[in-house]
Amino acid sequence: MTDIINLLPDSVANQIAAGEVIQRPASVVKELMENSIDAGATTVQVVVKDGGNTLIQVIDNGKGMSKTDARLSFSRHATSKIKDAADLFSLRTMGFRGEALASIAAVAQVEMRTRREEDSLGTLIEIAGTRVFKQEAIQCDKGTNISVKSLFFNVPARRRFLKSHTTEMMHIRNEFYRIVLVHPEINFTLFDGATELIQLPATNLKGRIEHVFDFAKKRMDQQLLPISASTGLLEIKGFVGRPEYAQKSANQYFFVNGRYMRHPYFHKAVLVAYDKLIKPGEYPNYFIYFETDPHSIDVNVHPSKTEIKFENEQAIWSIVQATVKEALGKFQVTPSLDFDSEGLPEIPVLDSNTTVKPPKTTFNPNYNPFGSSPRNKRPELDWEKLFEGFEKNRDKQTSTEGDFNGFGIDFREEEKQTELELSTSSTELFQYKTNYICTSVKSGLMLIDQHRAHFRVLYDRFSKRIKDKKGISQRILFPEVLELDANESAALNQILNELRFVGFDIELFGKNAFSINGVPSEIEARSSISLLKELVTNVMNTEISVKETIQNEIALLLSRHTAIQSGQTLTQEEMNQLFEDLFQCENHVYTPDGKVIVSVISDEEIERKFR
Ligand code: ADP
Ligand code: MG
């Protein structure tokens, strides 16, 4: 009997491995750039010709290699980065399998020049399909300069599989972006032949993002809001785009421990955080960087290493969502009532003629969105400023001994009286065309859309109840019966828990029929049937499977339908209540679906009319 198992020759093994590591020219660019970064380079130049088919060259000023290391670097599993198997799980450097160079050399003609600082002469190696053609001492710059020519010259099947130069160039650009966005401290340049495509000087993270995507040029440099969170599970930092800059095709990047990753599940968390602040079909830009214990992630789930599994994905989902939401609320809308204060974003002013100062964001690195309750977080300064608009009223504002008014501001040093008066006095608010509530503020005349304001108030209230699972249910005297078909009934079952959290008391009542015994206190019993039917239809039509998305959908629908309508006359008391409730909301400028709630006609605008 002859042996049928032969050891694969090295060259074949390398070609097989190459198939996994090197899928297209962009993979070569990625591996070489990562090596340069690992080598401590501060300048990395990438030159590509014909979409990488003819040439991919990466030149760095990193630490270079000795003569022996230069030769060894091309053998399989040669790596200076892992010493034992345990290292495999604590990925810190970029490459970690020690097969990139071997794989590239297996399927291309490679020329490498490299020199360490301490050596007077460097090394030149020419290698193709794992055969070394030349190795000699040469004069060269410190660092490493690798040229990869005729990629897949010996793998015709692969070569045929490559797309047009333009497409391959697009892939290369994408890989290039994924790397440069993690290393703003390194200078990078990308050339297409002799043409410089992009030059990135060393800068900070925000600067790098702006350079890469030309945000600054488009005067969009104000569009990025910093995010930051620090939890036991992971650290998050980065930037998210303001909702108004959402695009049809947005730039969306997740990184973990300095490595690009795709993560559809966390992507959803970001989208939910924008909770309809953006139009359907448009997407927010985001650049989100996670740092986490390498042991809590599994990088090796996918050969190209962009799909990463986390322990605690669900918990992280919520952290991501909350962090992004926090940033949107904090920088975009919360401090917006103070128009005169520097560095705060402004709410829209109706006048289109006056120039609006571009909003600035400031970033507090110590800010921890999980540290305190939302109410404590509200910047008090803004509330005091807000009240400057109500000077007359403020004089009347009083508070009981030892108590605070609803705005968390203590007016006790003013007049001491017994009555607790939260709201603005009745002369301050009036209704205009049964649609708007008007009042004067520091910088002008404020108009509030009554329906939208109430929509926001209710949405926040319902969302909170669902989240806290503390719905307030009101029993119905004569329970309503909701009859559904089999599909609808399945859909309702899917959201039954969430409905209970918000305050519905629903029971199965025979096959595909439900009895509604209680409803959230804001909702009228008789409208509950149609509301639930609409909700069920929504659930069936949208593929909402994530719990948070369902909760959001419920809160949206209930609040939209229950909110005060336009055209409804409001009593003074109702206006006061609404006004007060609105400004307790973290986001009081936009509705959950992104419409403007509050607008101010500026003093200048009004003065101009009387000139
Ligand atoms: P890995 O990066 O996983 O270690 P590679 O095949 O990419 O495997 O590289 C093999 C080794 O060659 C690296 O561990 C490193 O020691 C060396 N090397 C590769 N590229 C460079 C470079 N640009 N500068 C210095 N050393 C390099
Ligand atoms: Mg490598």
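Quick look at the structure, then. From a predicted model like this one, the values you see are computed outputs, not experimental measurements.

## Quick notes on the overall build of the protein
Helix and strand counts for the protein stand at 19 helices and 22 strands. Across the 611 residues in the protein, those meeting the buried criterion constitute 50%.

## With respect to the sheet that holds strand 10 (residues 235–241)
In spatial order, the strands read 9-10-13-11-12; together these five strands make up an open sheet with mixed pairing. What marks the edges here is a single partner per strand, and that holds for strand 9 (224–230) and strand 12 (259–261). Recorded for the sheet is a direction-independent mean angle of 20° between the axes of neighbouring strands. Here seven bridges tie strand 9 to strand 10, and the two strands are oriented antiparallel to one another. Paired with Leu225 across the bridge in strand 10 is Val240.

## Topic: the environment of Glu168
In this fold, Glu168 is placed in helix 7 (residues 165–180). Each C-alpha atom, one on Glu168 and one on Arg24, is 7.6 Å from the other, the two residues being 144 residues apart in sequence. If near-sequence neighbours (up to four positions away) are discounted, Glu168 is found in contact with Arg24, Pro25, Gly51, Leu162 and Lys163.

## Focus on helix 9 (residues 264–273)
Within helix 9, the full set of buried residues consists of Phe266, Ala269, Val270, Val272 and Ala273. Within helix 9, the buried residues cover an arc of 165° as seen down the axis, which keeps them to one side.

## Considering the packing of aromatic side chains
How two aromatic rings sit relative to each other is set out by the distance from centre to centre and by the angle between their planes. The tally for this structure, following the rule as stated, stands at 19 aromatic pairs. Aromatic side chains Phe213 and Tyr253 sit 5.9 Å apart centroid to centroid with 45° between the ring planes, which places their arrangement in the tilted category. Placement of the pair is Phe213 in the loop between helix 8 (205–212) and strand 9 and Tyr253 in strand 11 (residues 252–256), with a sequence separation of 40 residues. By the burial criterion, Phe213 is buried, and Tyr253 matches it. Here a set of aromatic residues connected by ring pairs shows up, and it is made of Tyr177, Phe213, Tyr253, Phe255, Tyr260, Phe287 and Tyr289. Residue placement shows Arg178 over the ring face of Tyr260; its charged tip is 3.9 Å from the ring centre.

Each value, and the rule that gives it
Residues numbered from 1 in each chain as written. Chains lettered and ligands numbered in written order. Predicted model: local features only at pLDDT ≥ 70, side-chain atom pairs only at ≥ 80, totals over all residues. Heavy atoms only, no water. Helix = DSSP H or I, 4+ residues; strand = E, 2+ residues; numbered from the N terminus. Buried < 20%, exposed > 50% of the residue type's maximum accessible area, 1.4 Å probe, protein only. Pairing = 2+ DSSP bridges. Axes fitted to C-alpha atoms, helices over the stretch in contact; angles between N-to-C directions. Contact = heavy atoms within 4.5 Å. Arc of directions from axis to C-beta. Phe/Tyr/Trp six-rings, centres within 6.5 Å; stacked < 30°, edge-to-face > 60°. Lys NZ or Arg CZ within 6 Å of the ring centre and 35° of its normal.

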